[in-house]
Amino acid sequence: MHFQKNYHIGYRAIKTAIAVSLCAIISMAFGREDVFCASIATIICMQQTYDETLKAGINRFIGTFIGGIVGYLALELSNYIPHYNWSRIFVLPFCILLVIYICNIIGQKESVSICCIVVLVIVSKLGDDLSSTFMYVVYRVVDTIIGIVVAMFVNRFMFKKRSTNI
């Protein structure tokens, strides 16, 4: 292992830390139980420049939105599938293929990975409590939007100088 003795924390790292702090403050101010989704979105979206952050934010939003819809529909349809906990093992790959297909036909290849992750989280995490599925999906999309907006705000108005350190 080789240590970088001369490494200095760069602007992107500082902007990311500030953005995560703002996400936590916003989440707490609005009584959100979970700061995770907004923080993850802001970490993923924070890039060197505002334009790169905007592009990452758009990809993140599209992936979360499509993944949320497909995941929600899969869980709604699961009401009609006997023994859903076992059958979701077979439903999940079809959902993954569906979101990959959707992203590709609409020209959003950059959104595929986050789309698959969102479907995976929704289908695997919420299979036991279908009554709150819709609100979970809505909150996930809203939290993602918060994280994207915070990353864009911080990148636009703080540390405008471009850094080569991450």
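These numbers come from a predicted model, not from an experiment.

I'd love a proper account of the overall build of the protein, names of residues and values included.
Along its length, the protein carries six helices and zero strands. Along the chain direction, N to C, the helices and strands of the protein fall in the order α-α-α-α-α-α. For the protein, buried positions account for 40% of its 166 residues. Sequence-distant contacts in the protein: of pairs separated by 6 or more residues, those separated by 24 or more amount to 75%. Total accessible area on the protein is roughly 10000 Å²; 69% of this is exposed by carbon and sulfur atoms.

Give a detailed account of the packing of helix α2 (residues 36–45) against helix α3 (residues 50–77), specifying residues and quantitative values.
At a closest axis distance of 8 Å, the pairing of α2 and α3 adopts a crossing angle of 135°. Regarding the angle of α2 to α3, the classification is oblique. Contacts between α2 and α3 involve Cys-37, Ile-40, Ala-41, Ile-44 and Cys-45 on the former and, on the latter, Thr-53, Ala-56, Gly-57 and Arg-60. In terms of residue class, the contact of α2 with α3 is built from six nonpolar, two polar and one charged.

Describe the side chain of Ser-27, and please don't skip the residues or the numbers.
Looking at the element boundaries, Ser-27 is found in helix α1 (residues 11–29). The exposure class assigned to Ser-27 is buried, which follows from its relative accessible area of 1%. For Ser-27, the contacting residues outside a window of four places in its chain are Arg-32, Asp-34, Val-35 and Ala-38.

So what's going on with the environment of Ile-122? Which residues, and what values?
Checked against the element boundaries, Ile-122 lands in helix α5 (residues 112–125). Using a relative accessible area of 0% as the deciding quantity, one classes Ile-122 as buried.

How would you sum up the packing of α3 against helix α6 (residues 133–157)? Please name residues and give values.
The N-to-C vectors of α3 and α6 enclose an angle of 180°; their axes lie 10 Å apart at closest approach. Overall, the two elements α3 and α6 adopt an arrangement that is roughly antiparallel. Across the interface between the two elements, Tyr-50, Thr-53, Leu-54, Gly-57, Arg-60, Phe-61, Thr-64, Phe-65, Gly-68, Tyr-72 and Leu-75 of α3 pack against Thr-133, Phe-134, Val-137, Arg-140, Val-141, Thr-144, Ile-145, Ile-148, Ala-151, Met-152, Asn-155 and Arg-156 of α6.

Before we move on, could you go through α2 and cite the residues and values that matter?
Of the residues making up α2, those classed as buried are Cys-37, Ala-38, Ser-39, Ala-41, Thr-42 and Cys-45. In this structure, the buried residues of α2 make contact with α1, α3 and α6.

An account of the pattern of salt bridges is requested, with residue identities and associated values reported.
If the charged atoms of two oppositely charged side chains come close together, the side chains can form a pair. For the coordinates displayed, the defined rule picks out one salt bridge. Its salt-bridge partner being Arg-32, residue Asp-143 comes within 2.8 Å of it at the nearest N-O pair. One end of the pair, Asp-143, is in helix α6; the other, Arg-32, is in the loop between α1 and α2, and 111 residues separate them in sequence. With a relative accessible area of 2%, Asp-143 lands in the buried category.

Conventions and cut-offs
Residues numbered from 1 in each chain as written. Predicted model: local features only at pLDDT ≥ 70, side-chain atom pairs only at ≥ 80, totals over all residues. Heavy atoms only, no water. Helix = DSSP H or I, 4+ residues; strand = E, 2+ residues; numbered from the N terminus. Buried < 20%, exposed > 50% of the residue type's maximum accessible area, 1.4 Å probe, protein only. Contact = heavy atoms within 4.5 Å. Areas by Shrake-Rupley, 256 points an atom, 1.4 Å probe, with all protein chains shown as cover. Axes fitted to C-alpha atoms, helices over the stretch in contact; angles between N-to-C directions. Parallel < 35°, antiparallel > 145°, perpendicular 65-115°, else oblique. Nonpolar A, V, L, I, M, F, W, Y, C, P; charged D, E, K, R; others polar. Salt bridge = Lys/Arg side-chain N within 4 Å of Asp/Glu carboxyl O.

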